[in-house]
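One-letter residues, chain by chain:
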Amino acid sequence: MNESISIRQICKRFGDKTVLHNIDLSMKEGRIYGFIGPSGAGKTTLVKMMVGMDKPDRGSIHVLNKTVPNLHLLQEIGYMAQSDALYTELTGKENLTFFASLYKLKKAEMKERITYAANLVNLTEQLSKKVSAYSGGMKRRLSLAIALIQDPKVLILDEPTVGIDPELRFSIWQELIRLKAEGKTIIVTTHVMDEAERCDYIAMIRNGSIITRGTPDELKEQYNATSFDEVFLNAGREKQ
Ligand SMILES: Nc1ncnc2c1ncn2[C@@H]1O[C@H](COP(=O)(O)OP(=O)(O)OP(=O)(O)O)[C@@H](O)[C@H]1O
């Protein structure tokens, strides 16, 4: 499997606070990577750098063999931020059409992608409603549909299932697993431990450092834990 993302010695400070400290990580296509860690650990800062929205003070990031930031990479990276960046005075469909029009998609392909993405997040029936009338969960689902709209090779999803009911969360995970089988690289930040277990590889981040990493089974063994909640608690305790 090819390496699709390479993070080398990333450091970042905000004022006098070190938010990321010497992060090294290599990710391959066809896998789901989970970044887990307590609030404020640095997960969002790290994924923003992978998208090119923030700059490290030191170190480098390569995505699909290109140095980040790179305008061409926008076509290849689907990013779902933690806060929804939607046009609330437009309908769901108008939002999807707008974001789809930013990418190199032919008209028929664009229509197909909008149908696929809306269906995936169960919003097909609500597409003609203005986003201002959407619930919080519906907005999250629309943001996820937008992240997928251009059929990107790399998907970076910052807490994608917050506010999404268990049934839909399950079907979204089914789809993420199908997408990884197509060769996509998927990165998910999460606080939900059963989601962490569905990832192929976990990086546990605390106070800006990766405190441990491995497959869910490796981590359970390493921390002598039966559940992932236990791994999380034991790994945290060890580092205090
Ligand atoms: N633009 C900024 N200016 C100053 N400090 C910032 C900025 N962005 C993030 N931080 C700080 O960096 C640290 C890491 O934040 P980050 O959002 O990356 O954490 P996180 O792990 O994603 O947390 P959560 O799970 O709550 O989303 C926090 O202490 C936060 O306050």
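Here the structure is a predicted model, which means the values were calculated and not measured.

Basis of the calculations
Positions within a chain are numbered from 1, following the residues in the order the chain's sequence is written. Reporting in this predicted model follows two pLDDT cut-offs: at least 70 for local features of residues, and 80 or more for side-chain atom pairs to be given and counted; totals over whole chains, interfaces and linings ignore these cut-offs and use all residues. Any residue qualifies as near a molecule or strand once its backbone-derived C-beta atom lies within 6 Å of it. Secondary structure counts use DSSP, requiring at least four H or I residues in a row for a helix and at least two E residues in a row for a strand, with both numbered from the N terminus. When residue character is reported, Ala, Val, Leu, Ile, Met, Phe, Trp, Tyr, Cys and Pro are called nonpolar, Asp, Glu, Lys and Arg charged, and the others, Gly included, polar. Among buried residues, those of type Ala, Val, Leu, Ile, Met, Phe, Trp, Tyr and Cys that are joined through C-beta atoms within 7 Å form a set called a nonpolar core. Exposure classes come from backbone-placed C-beta atoms, where a residue is buried if 20 or more other C-beta atoms lie within 10 Å of its own, exposed if 12 or fewer do, and partly exposed in between. Contacts here follow a simple rule: the backbone-placed C-beta atoms of the two residues must lie within 7 Å. In short, DSSP must find at least two bridges between two strands for them to pair. Only the contacting stretch of a helix is used when fitting its axis, a line to C-alpha atoms as for every element, and angles between N-to-C directions run 0 to 180 degrees. For classification, angles of less than 35 degrees are called roughly parallel, those exceeding 145 degrees roughly antiparallel, those between 65 and 115 degrees roughly perpendicular, and all remaining angles oblique. Handedness of a crossing follows from how the near helix is turned relative to the far one, being left-handed for an anticlockwise turn of less than a right angle and right-handed for a clockwise one. UniProt positions are given in the numbering used here, feature names are shortened, and annotations may be inferred rather than shown by experiment.

Taken together, Phe14, Val19, Gly37, Ser39, Gly40, Ala41, Gly42, Lys43, Thr44, Thr45 and Gln82 make up all the residues around the ligand. A per-element tally of the shell around the ligand places helix H1 (residues 43-51) first, with three residues. The residue makeup of the shell around the ligand, split by class, is three nonpolar, seven polar and one charged.

What follows covers the nonpolar core. Across soluble globular proteins, nonpolar side chains have a tendency to be buried as a group. The biggest cluster of nonpolar side chains holds 62 residues, and the ones touching the most others in it are Met50, Ala145 and Ile156. Counting residues per element, this core draws most heavily on helix H4 (residues 136-148), at seven residues. When sequence neighbours within four positions are dropped, the list of residues in contact with alanine 145 reads Leu96, Ala117, Ala118, Leu120, Val121 and Leu123.

Quick look at the sheet that holds strand S10 (residues 209-214) now. The pairing of strands in a sheet happens through backbone hydrogen bonds and is either parallel or antiparallel. As summarised here, the arrangement of the six strands in space is S6-S7-S8-S3-S9-S10, forming an open sheet in which the pairing is mixed. The open sheet terminates on both sides in strands that have one partner only, identified here as strand S6 (77-80) and S10. On average, adjacent strands in this sheet sit at an angle of 15 degrees to one another, irrespective of strand direction. Taken together, the four bridges between S6 and strand S7 (residues 154-158) define a ladder with parallel strand orientation. Looking at the pairing, isoleucine 77 lines up with valine 154 of S7. Of the strands in this sheet, strand S3 (31-36), S6, S7, strand S8 (185-190) and strand S9 (201-206) are in contact with H1, which crosses S7 at around 150 degrees. This element, H4, spans S6 and S7 of the sheet and lies at about 170 degrees to S6.

Here the focus is the packing of helix H2 (residues 92-101) against H4. In the contact formed by H2 and H4, the axes pass within 9 Å of each other and the chain directions differ by 25 degrees. With respect to each other, H2 and H4 are oriented roughly parallel. Between H2 and H4 the crossing geometry is right-handed. Here Gly92, Asn95, Leu96 and Phe99 of H2 lie close against H4, whose contacting residues are Leu142, Ala145 and Ile146. Counted by class, the contact of H2 with H4 contains five nonpolar, two polar and no charged residues.

Let's shift gears to the environment of tyrosine 134. You can see tyrosine 134 is positioned in the loop between helix H3 (107-120) and H4. Given 21 C-beta atoms within a 10 Å radius, tyrosine 134 is considered buried. Taking the C-alpha atoms as reference points, tyrosine 134 and serine 60, separated by 74 residues in sequence, lie 39 Å from one another.

Looking now at unusual backbone geometry. Between valine 68 and proline 69 the backbone carries a cis peptide bond, its omega angle lying at 0 degrees. Of note, proline 69 is situated in the loop between strand S5 (66-67) and S6. At leucine 64, a residue that is not glycine, the phi angle is positive and equals roughly 50 degrees. Leucine 64 gets classed as partly exposed once you count the C-beta atoms within 10 Å, which come to 19. Unlike most non-glycine residues, asparagine 207 shows phi in positive territory, near 45 degrees. Tracing the chain through its elements places asparagine 207 in the loop between S9 and S10.

Taking the numbering used here, the UniProt-annotated feature "domain: ABC transporter" (unreviewed entry) corresponds to residues 5-232. Taken end to end, residues 5-232 comprises 34% helix and 28% strand; its first and last C-alpha atoms sit 25 Å apart.

Take H1 next. Of all nine residues in H1, eight are buried; the element is thus mostly enclosed. Along H1, the positions that sit buried rather than exposed are Lys43, Thr44, Thr45, Leu46, Val47, Met49, Met50 and Val51. Directly after H1, the chain includes glycine 52, whose backbone phi takes a positive value near 95 degrees.

Let us look at the sheet that holds strand S2 (residues 17-28). Within the open sheet, the four strands sit side by side as S2-S1-S4-S5. Their pairing is antiparallel. Strands at the two margins of the open sheet, each flanked by one partner only, are S2 and S5. Examined bridge by bridge, strand S1 (residues 3-14) and strand S4 (residues 58-63) share five bridges and lie antiparallel to one another. Within S4, the position partnered with arginine 8 by the bridge is serine 60. Across the sheet, H1 touches S1, S2 and S4, and the angle it forms with S2 is around 55 degrees.

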